[in-house]
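The primary structure of each chain is shown beneath.
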Protein chains: 2
Amino acid sequence: MKIALDALGGDFGAKPNVLGALKALKHNPQLEVVLVGDEGVLRQELSAQGRPVLPKRLSIVHAPETINMDAEPAKECRQKKNASIVVCANLVRTHQADAFVSAGHSGAAMVAALFGMGRIKGVLRPAIATPMPTYRGVSLLLDGGANADCKPIHLLQFAVMGSTYMQKVFDIPAPSVGVLSIGEEETKGNMLVKHTVPHMRKIGVNFRGTIEGRDVNTGETDVIVCDGFVGNIVLKLAEGLARTMINLIKREVKKRPLAMLGALLSKGAFKAVKNHTNPDVYGGAPLVGVNGVAIIAHGRSNQTAILHAIETAARLVEKDFIGDVGAKMAALAPTFEQIEKSLHEEN
Amino acid sequence: MKIALDALGGDFGAKPNVLGALKALKHNPQLEVVLVGDEGVLRQELSAQGRPVLPKRLSIVHAPETINMDAEPAKECRQKKNASIVVCANLVRTHQADAFVSAGHSGAAMVAALFGMGRIKGVLRPAIATPMPTYRGVSLLLDGGANADCKPIHLLQFAVMGSTYMQKVFDIPAPSVGVLSIGEEETKGNMLVKHTVPHMRKIGVNFRGTIEGRDVNTGETDVIVCDGFVGNIVLKLAEGLARTMINLIKREVKKRPLAMLGALLSKGAFKAVKNHTNPDVYGGAPLVGVNGVAIIAHGRSNQTAILHAIETAARLVEKDFIGDVGAKMAALAPTFEQIEKSLHEEN
């Protein structure tokens, strides 16, 4: 099993990637990791970590170009054949690696994966599936931002792929699926939701109905389905709001000497909350629907986040996530065709 | 100045409404309040509060019917002419009241207001404008859920009405306006946002560009514009997430005796955070675009929330919010027409 790692991806350069890779090799003796990036920089970082000689099962593929975040990802990926993320996707396509992990720009990763690896047969739109910490455990939200405008058929496919992911990675036999909407009644929502919901029970997922914004963080729904516009706003809002709450508490605590003592005594509890809501432990966000395992880690990933992303990638390969999604898509092809036809007639 | 209060609206029946009304009368000697609801119930509550005789400036309009929350609001409002919310809207239409306040079902209130009072000339879609607590102060988000599917012209009008509201109620001379989207670049977003943004600078608001989910709670944008589907999800998510964070902290604190002591010492700080994020003090959510002042208070409103909602309603009447929005709509009519034409040509 070989994982390609976009080893300069993320906000902190080579270090967390190299350390995460070394840890992953230690944890799993079956694993090989390919560091993809500027070889000079990577060798320097390995030396800094006391590894001037490449350890067994670790290799480097030189990829000196970098994607300009401000430019258009599609253009960048086409022009820069030696950008690390493009090389990662090509390693998977040519079976020189079984999966890739990147903490780089998710838009660029999606484009590189699409160009390099293509889609699983039958999948219309790959999505970014993002694990979210909740009150109890984790829920998977998709699409997290790859497709700003969606059609019902896309949401239906997200439900199938998200369910498969939760089965494979979190061992949930029949993950519950909810469509994010407004109001719990199935008659409410926008046109997209109204046209999606009636077909949700035809596609073999454990559909529980629509859920509201307030239900996103309870953990009662394993797979939360929405378009990428709503999904990205939800993810960013949750991130921002958690930070705002912590900052508000800090601000008020600092005004009160007694509260400062109290906060000191409560430190363990706050740390536990922080750990609980830390997305690093959930193994990154898979790009579901592309024809190969691809995991996006958060831009601010530390070595633990990289380690978990590599382990998740390995798990998906081991459990044949791609093959399973492919088989489901093939089996559902007539159903999807029928649904598309009836949706077309409705309009 | 006379405010009609849907006096049995909300989750807690007559009590918070009656107490809120009594407080409002005490605070403002120019104010009159009409309690609208079942007279027997209201007189009983007034007696329970030591007011068997109606105080000066307080009156009752008997409205015995109640809206069934589970039924379709439009049908309910048409059939139940004596439902309190329908009576409230009609009191405003017939100039027997200057504004109404309700803590009842917001969908029913919107329908009753639309049927009873109509729209301000030129407004295509009234919206629910919801004040949100932020790290610093308050931001107004609209639409909060009245219009699940919107067109660019609706969002443009929301921007104008929301700006006017922040000017009148929060005394901000040129409220900053942001369109909620994904990615800060104006080229990102869904089709709705992409078609809205290019016209935002033509309508006389202080447009600052698009904002992301993470920017919603910073307080840097005074008026946040989005469709009612996204808006409702944002509001409910923020509510749910704040609760989840508090519950997580409580859960972890309870596991640790020292932390429990710490929490006791920090109590003042947590109370301050709770007060800061308490939407009760922001005066409820106005229905903007209907032809009369109408304020929706939260279903769980206590007397303070009702008091603030009544005071906000009075302020909007005093400052001629309706007249001002009407004047802006009239002045912008040619601009809106031109924008609609160019949007039509784009499609």
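None of these values were measured; they are calculated from a predicted model. (Residues numbered from 1 in each chain as written. Chains lettered and ligands numbered in written order. Predicted model: local features only at pLDDT ≥ 70, side-chain atom pairs only at ≥ 80, totals over all residues. Heavy atoms only, no water.)

Trainee: Tell me about the overall build of chain A, residues and numbers included.
Mentor: Of regular secondary structure, chain A possesses 12 helices and 12 strands. By the compact-globule yardstick of 20 Å for 347 residues, chain A fits well, its C-alpha radius of gyration being 21 Å. A principal-axis box enclosing the C-alpha atoms of chain A has dimensions of 65 × 60 × 40 Å. A total of 347 residues make up chain A; the buried ones form 56% of that total. For chain A, restricting intrachain contacts to residue pairs at least 6 apart in sequence, the fraction spanning at least 24 positions comes to 73%. Within the structure as shown, chain A displays about 14,600 Å² of accessible surface, and the carbon and sulfur contribution to it stands at 52%. Between the mean site of the 40 positive side-chain charges and the mean site of the 33 negative ones, chain A shows a separation of 6 Å. (Helix = DSSP H or I, 4+ residues; strand = E, 2+ residues; numbered from the N terminus. Rg over C-alpha atoms; globule rule 2.2 N^0.38 Å. Buried < 20%, exposed > 50% of the residue type's maximum accessible area, 1.4 Å probe, protein only. Contact = heavy atoms within 4.5 Å. Areas by Shrake-Rupley, 256 points an atom, 1.4 Å probe, with all protein chains shown as cover. Lys, Arg positive; Asp, Glu negative; His and termini not counted. Charge placed at Lys NZ, Arg CZ, Asp CG, Glu CD.)

Trainee: An account of the interface of chain A and chain B is requested, with residue identities and associated values reported.
Mentor: Contact residues are listed per partner, giving 53 residues for chain A and 53 residues for chain B. When chain A packs against chain B, the two sides together hide about 4,900 Å² of surface, and 74% of this comes from carbon and sulfur. Sorting the residues of chain A by area buried against chain B places Tyr135, Phe229 and Leu237 of chain A first, and these three jointly supply 14% of that buried surface. The tally of links from chain A across to chain B stands at 2 salt bridges. Among the salt bridges present, the one from Lys236 of chain B reaches Glu212 of chain A, with a minimum N-O distance of 2.6 Å. On inspection of chain A and its partner chain B, the count reaches 8 residue pairs in polar contact (both at pLDDT 80 or more). If you list the elements that add at least two residues to the side of chain A that touches chain B, you get α7 (191-196), α8 (228-254), α9 (257-265) and α10 (267-276) of chain A. The element that contributes the greatest number of residues to the side of chain A that touches chain B is α8 of chain A, accounting for 22 residues. (Buried area = accessible area lost by both parts, 1.4 Å probe. Salt bridge = Lys/Arg side-chain N within 4 Å of Asp/Glu carboxyl O. Polar contact = N/O pair within 3.5 Å; in protein donor to acceptor, adjacent residues only side chain to side chain.)

Trainee: Give me the relation of the copies chain A and chain B: which residues, what numbers.
Mentor: Overlaying chain A on chain B yields an RMSD of 0.0 Å, the required transformation being a rotation through 180° with an accompanying axial translation of 0.0 Å. Here the copies are linked by what is in effect a two-fold axis. For chain A, the residue whose C-alpha comes nearest the rotation axis is Gly262 of chain A, separated from it by 1.7 Å. Most of the interface of chain A is mirrored in chain B: 100% of its interface residues are interface residues there too. (Least-squares fit on C-alpha atoms with pLDDT ≥ 70 in both.)

Trainee: Could you give an account of helix α1 (residues 14-27) of chain B, with specific residues and numbers?
Mentor: All names here are of chain B. In this model, α1 (14 residues) spans 20 Å end to end at C-alpha, consistent with the 20 Å of a helix rising 1.5 Å per residue. Counting buried residues in α1 gives 10 out of 14 residues, a clear majority hidden from the surface. Every buried residue belonging to α1 is among Ala14, Pro16, Asn17, Val18, Leu19, Gly20, Ala21, Leu22, Ala24 and Leu25, and all of these are buried. In this structure, the buried residues of α1 make contact with β1 (2-6), β2 (32-37), α2 (39-48), β3 (58-62) and α11 (303-318). (Expected span 1.5 Å × (residues − 1).)

Trainee: Just give me the short version of the sheet that holds strand β7 (residues 138-142) of chain B, but keep the residues and values in it.
Mentor: All names here are of chain B. Overall, mixed pairing links the 5 strands, which are arranged β6-β7-β10-β8-β9 in an open sheet. The sheet terminates laterally at β6 (130-133) and β9 (206-211), the two strands that pair on one side only. With strand direction ignored, the average angle separating the axes of adjacent strands in the sheet is 30°. Pairing analysis gives 4 bridges linking β6 to β7, with the strands arranged antiparallel. Bridge assignment links Pro131 to a residue of β7, and that residue is Leu140. (Pairing = 2+ DSSP bridges. Axes fitted to C-alpha atoms, helices over the stretch in contact; angles between N-to-C directions.)

Trainee: With reference to specific residues and values, describe the sheet that holds strand β7 (residues 138-142) of chain A.
Mentor: Residue and element names in this part refer to chain A. Taken together, 5 strands build an open sheet; the order of strands is β6-β7-β10-β8-β9 and the sheet is mixed. The strands lining the two open edges of the sheet, one partner per strand, are β6 (130-133) and β9 (206-211). Ignoring strand direction, the axes of neighbouring strands in this sheet form an average angle of 30°. Alignment of strand β8 (residues 176-180) against strand β10 (residues 223-225), held across 3 bridges, turns out to be parallel. Bridged to Gly178 within β10 is Ile224.

Trainee: Got a sec to walk through the nonpolar core? Specific residues and values, please.
Mentor: In terms of nonpolar packing, the biggest core is built from 170 residues, with Leu35 and Ile203 of chain A together with Leu35 and Ile203 of chain B touching the most fellow members. Residue contacts for Leu35 of chain B: discarding those within four places in its chain leaves Leu5, Ala7, Val18, Ala21, Leu42, Leu46, Leu58, Ser59, Ile60 and Val61 of chain B. (Core = buried A, V, L, I, M, F, W, Y, C linked by side-chain atoms within 4.5 Å.)

Trainee: Please give an account of the packing of aromatic side chains that cites residues and values.
Mentor: Two descriptors summarise a pair of aromatic rings, namely the distance from one centre to the other and the angle between the planes of the rings. For the coordinates displayed, the defined rule picks out 3 aromatic pairs over all chains. Note on Tyr165 of chain A and Phe321 of chain A: the rings are 6.0 Å apart at their centroids and 90° apart in plane angle, and the pair reads as edge-to-face. With Tyr165 of chain A in helix α6 (residues 152-170) and Phe321 of chain A in helix α12 (residues 321-346), the pair connects residues that are 156 residues apart, well separated along the chain. Given the relative accessible area of 0%, Tyr165 of chain A is considered buried. Accessibility expressed as a relative area gives 3% for Phe321 of chain A, which makes it buried. For the cation-ring pair, Arg251 of chain A lies above Tyr135 of chain B, with the distance from its terminal atom to the ring centre recorded as 4.5 Å. (Phe/Tyr/Trp six-rings, centres within 6.5 Å; stacked < 30°, edge-to-face > 60°. Lys NZ or Arg CZ within 6 Å of the ring centre and 35° of its normal.)

Trainee: Provide a residue-level description of the packing of helix α6 (residues 152-170) of chain B against α11 of chain B, including the pertinent values.
Mentor: All names here are of chain B. Packing of α6 against α11 brings their axes to within 9 Å, and their N-to-C directions diverge by 105°. On the basis of their axis angle, the class for α6 and α11 is roughly perpendicular. In contact with Tyr165, Lys168 and Val169 of α6, α11 contributes Thr312, Arg315 and Leu316. Taken together, the residues of the contact of α6 with α11 break down into 3 nonpolar, 1 polar and 2 charged. (Parallel < 35°, antiparallel > 145°, perpendicular 65-115°, else oblique. Nonpolar A, V, L, I, M, F, W, Y, C, P; charged D, E, K, R; others polar.)

Trainee: I'd like to hear about unusual backbone geometry, residue by residue, with values.
Mentor: Apart from glycine, the bulk of residues carry a negative phi angle, and the bulk of peptide bonds sit in the trans form. Across the junction of Leu142 of chain A and Asp143 of chain A, the peptide omega takes the value 10°, indicating a cis bond. Tracing the backbone through its elements, the reader meets Asp143 of chain A in the loop between β7 and α6. Backbone geometry at Asp320 of chain A places phi at a positive 50°, although glycine is not the residue there. Within the secondary structure, Asp320 of chain A is located in the loop between α11 (303-318) and α12. For Arg57 of chain B, which is not glycine, the phi torsion reads 70° and is therefore positive. Topologically, Arg57 of chain B is positioned in the loop between α2 and β3.

Trainee: Outline the confidence of the model for chain A, supporting the account with residue identities and numerical values.
Mentor: Low-confidence regions, as indicated by low pLDDT, have predicted coordinates that should not be scrutinised in detail. Within chain A, residue pLDDT values average 92, and 98% of them lie at 70 or more. Complex prediction metrics read pTM 0.92 and ipTM 0.91. (pLDDT = per-residue confidence, 0-100.)

Trainee: Account for the pairing of β2 of chain B, naming residues and giving values.
Mentor: All names here are of chain B. In terms of residue burial, β2 counts as a mostly covered element, since 5 of its 6 residues are buried. Here 5 bridges tie β1 to β2, and the two strands are oriented parallel to one another. Looking at β2, one finds that Leu5 is bridged to Leu35. With respect to chirality, the unit in which β1 leads through α1 into the neighbouring parallel β2 is right-handed. The pairing of β2 with β3 spans 5 bridges and is parallel. (Right-handed = clockwise from strand over helix to strand, strands pointing away.)

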